[in-house]
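Survey of secondary and tertiary structure
Next come the chains, spelled out residue by residue.
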Amino acid sequence: MENATPAPSPWWTPHVHADRRPFLLGRNRIQAAFRGFFTDRDFVEVDTATLQISPGNEAHLHAFATEAIGPGGSKTPLYLHTSPEFACKKLLAAGETRISCFAHVYRNRERGPLHHPEFTMLEWYRAGEGYETLMRDCAALLALAAETAGTRTFSYRGRRVDPFQEPERLSVAEAFRRHAGIDLLASIDESGATDRDHLAASLRSAGMRVADDDTWSDLFSRVIVERVEPRLGLGRATILDEYPVAEAALARRSVRDPRVAERFELYACGVELANAFGELTDPDEQRRRFEAEMREKMRVYGESYPVDEDFLAALGHMPEASGIALGFDRLAMLATGASRVDQVIWAPVPETGH
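The structure presented is a predicted model; accordingly, all values stated were derived computationally and were not measured.

Regarding the sheet that holds strand S4 (residues 75-80)
Remark on secondary structure: sheet strands pair via backbone hydrogen bonds, oriented parallel or antiparallel. In spatial order, the strands read S2-S4-S3; together these three strands make up an open sheet with antiparallel pairing. Two strands bound the open sheet, and with one partner strand each, they are strand S2 (51-52) and strand S3 (64-69). Sheet topology places S3 next to S4; six bridges connect them, and they run antiparallel. In the strand pairing of S4, Thr66 is matched with Leu78.

Section: helix H6 (residues 216-228)
Among the residues making up H6, those that are buried are Trp216, Leu219, Phe220, Arg222, Val223, Ile224 and Val228. In the core, the buried residues of H6 are packed alongside helix H4 (172-180), helix H5 (196-205) and strand S10 (238-241).

Quick look at the packing of H4 against H6
The contact between H4 and H6 brings their axes to 10 Å, and the two run at 60 degrees. By the angle class used here, H4 and H6 are oblique. Between H4 and H6 lies a crossing whose hand is left-handed. Residues Val172, Ala175, Phe176, His179 and Ala180 of H4 pack against Phe220, Val223, Ile224, Arg227 and Val228 of H6. Taken together, the residues of the contact of H4 with H6 break down into eight nonpolar, one polar and one charged.

Some details on the state of the cysteines
In total, this model carries zero disulfides according to the counting rule given. As a non-bridged cysteine, Cys88 has Cys101 as the owner of its nearest cysteine sulfur, 4.6 Å distant. For Cys88, a relative accessible area of 1% gives the class buried. In this structure Cys101 comes out as buried when scored by relative accessible area, which is 1%.

Some words on the pattern of salt bridges
Counted according to the given criterion, the structure contains 28 salt bridges. Across the pair Glu129 and Arg126 runs a salt bridge whose closest N-O atoms are separated by 3.1 Å. Arg126 shares its class with Glu129; the two are buried. Among the ionic pairs, Arg169 bridges to Asp241, the shortest N-O distance being 2.8 Å. On the criterion of sequence distance, the pair formed by Arg169 in strand S9 (residues 168-171) and Asp241 in strand S10 is long-range, its members being 72 residues apart. Here Arg169 falls in the partly exposed class, since its relative accessible area comes to 46%. For Asp241, a relative accessible area of 3% gives the class buried. One salt-bridge network, held together by shared partners, links Arg98, Arg126, Glu129 and Asp137.

Quick look at the pairing of strand S11 (residues 263-268)
Burial analysis of S11 places six of its six residues in the buried class, the great majority of the element. Neither face of S11 is left uncovered, since the one carrying Arg263, Glu265 and Tyr267 and the one carrying Phe264, Leu266 and Ala268 both have all their residues buried. Relative to S11, S10 runs antiparallel, the two sharing four bridges. Bridging from a neighbouring strand, Asp241 pairs with Phe264 of S11.

Some points on the packing of helix H1 (residues 14-40) against helix H3 (residues 132-149)
Relative orientation of the contacting elements H1 and H3 amounts to 140 degrees, with a least axis distance of 9 Å. The angle between H1 and H3 places the two elements in the oblique class. Between H1 and H3 lies a crossing whose hand is right-handed. Between H1, through Arg29, Ile30, Ala33, Phe34, Phe37 and Phe38, and H3, the contact on the second element is made entirely by Asp137, Ala140, Leu141, Leu144, Ala145, Thr148 and Ala149. By residue class, the composition of the contact of H1 with H3 is ten nonpolar, one polar and two charged.

Remarks on the pairing of strand S13 (residues 321-327)
With respect to burial, S13 is a largely interior element, seven of its seven residues being buried. The alternating pattern of S13 places Ala321, Gly323, Ala325 and Gly327 on one face and Ser322, Ile324 and Leu326 on the opposite face, and all of these are buried. Pairing between strand S6 (residues 118-127) and S13: seven bridges, direction antiparallel. Bridge assignment links Leu122 to a residue of S13, and that residue is Leu326. Pairing of strand S12 (residues 271-278) with S13 involves five bridges; the strand directions are antiparallel. Within S13, the position partnered with Ala274 by the bridge is Leu326.

Notes on the nonpolar core
Core analysis: the biggest nonpolar cluster contains 41 residues, and Phe34, Trp124, Phe154 and Phe264 have the highest contact counts within it. The set of elements that each furnish at least two residues to this core consists of H1, S6, H3, strand S7 (154-156), S11, S12, S13 and helix H9 (328-336). With seven residues, H3 is the largest single contributor of residues to this core. Dropping the residues within four chain positions of it, Phe264 is found in contact with Tyr131, Leu134, Met135, Cys138, Ile239, Leu240, Asp241, Tyr243, Ala274, Asn275, Ala276 and Ile324.

Remarks on unusual backbone geometry
If you check the backbone angles, Arg109 has positive phi at about 65 degrees while not being a glycine. Relative accessible area serves as the criterion here: at 58%, Arg109 is assigned to the exposed category. Residues other than glycine seldom take positive phi values, yet Cys269 does so here, at roughly 60 degrees. Note that Cys269 resides in the loop between S11 and S12.

What counts as what
- Residues numbered from 1 in each chain as written.
- Predicted model: local features only at pLDDT ≥ 70, side-chain atom pairs only at ≥ 80, totals over all residues.
- Heavy atoms only, no water.
- Pairing = 2+ DSSP bridges.
- Helix = DSSP H or I, 4+ residues; strand = E, 2+ residues; numbered from the N terminus.
- Buried < 20%, exposed > 50% of the residue type's maximum accessible area, 1.4 Å probe, protein only.
- Contact = heavy atoms within 4.5 Å.
- Axes fitted to C-alpha atoms, helices over the stretch in contact; angles between N-to-C directions.
- Parallel < 35°, antiparallel > 145°, perpendicular 65-115°, else oblique.
- Left-handed = near helix turned anticlockwise from the far one by under 90°.
- Nonpolar A, V, L, I, M, F, W, Y, C, P; charged D, E, K, R; others polar.
- Disulfide = S-S within 2.5 Å.
- Salt bridge = Lys/Arg side-chain N within 4 Å of Asp/Glu carboxyl O.
- Core = buried A, V, L, I, M, F, W, Y, C linked by side-chain atoms within 4.5 Å.

Spatial relationships are all this shows, so hold off on functional conclusions.
The following block contains the structure:
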């Protein structure tokens with residue numbers, strides 16, 4: 001009988017901790033430098049509640065659920081937030097104009113080299129400023145992380161990036177054309193409605209798999225994951241810009257093209273680091289988008305999350321703004337040379353069943 005493979009030593013074992021400690025100290029230095037970056041630009045750092053009525057209303061995000069028990073024994077469902085976004089936007093409605101937030105956030109069904117059930121999200125918001133300003137913030141923060149970590153290069157699984165180079169700005173439509181030979185916008189009309197069959201035919205022509213029950217969104221995601229993402233952030237970072245409206249539930253439409261929205265994602269070494277919006281501030285449109293997302297969630301997963309009515313009420317008072325969520329652990333991983341995000345998390349979540 002063959003011997004069983006020994007279990008890896010716990011993270012708190014002294015020799016394991018000694019290997020992890022340089023990455024962890026690098027993380028701390030980067031976090032301190034980032035706090036200084038925002039302070040120098042007149043941001044107020046805020047701290048938001050983890051427990052929320054709604055964890056967010058995106059179809060493919062999965063939350064941890066709990067309940068609040070009142071003094072009289074009444075029970076109210078609550079969720080650990082997947083992002084501090086709703087609370088931050090309420091603070092913008094309250095009158096704050098530049099805020100930043102390092103938040104512990106929680107996402108279920110996610111664990112791997114780039115995913116952890118509990119991780120740190122850095123979000124910041126600028127009232128009265130366009131989302132292009134966030135692109136400049138991203139470029140500055142990449143350089144600051146590298147400078148603080150004492151490195152000239154980010155690398156991950158053989159892919160390398162110069163964090164001091166100006167990021168490439170690439171529209172989603174151009175990325176589909178360049179990397180998959182697909183005319184994405186031909187499957188979207190002026191209202192933002194999508195044509196599943198048109199996109200399916202385009203994928204087949206590009207030699208990609210199409211299943212009978214694939215939605216337009218499924219097909220869009222397949223192209224992103226298989227053809228686009230692996231080619232982003234090589235040599236220099238990439239800002240993938242102008243997502244279709246159907247893939248930007250919290251972003252406002254572009255004034256340049258109604259088929260797309262003011263949403264971008266930041267990539268380095270093929271790794272997604274951040275997701276940014278020119279924020280949607282129309283509560284009626286936001287409700288329609290949330291309800292559509294929850295219908296899709298119910299169709300795919302058999303469950304949905306409540307809509308935060310307090311958030312929709314606040315949205316009607318929120319100024320025009322731009323906001324961004326950056327996976328801080330991933331950036332710390334790239335900057336320190338770690339190979340997994342849990343190497344830059346001081347006390348990882350216990351392993352659970354697969």
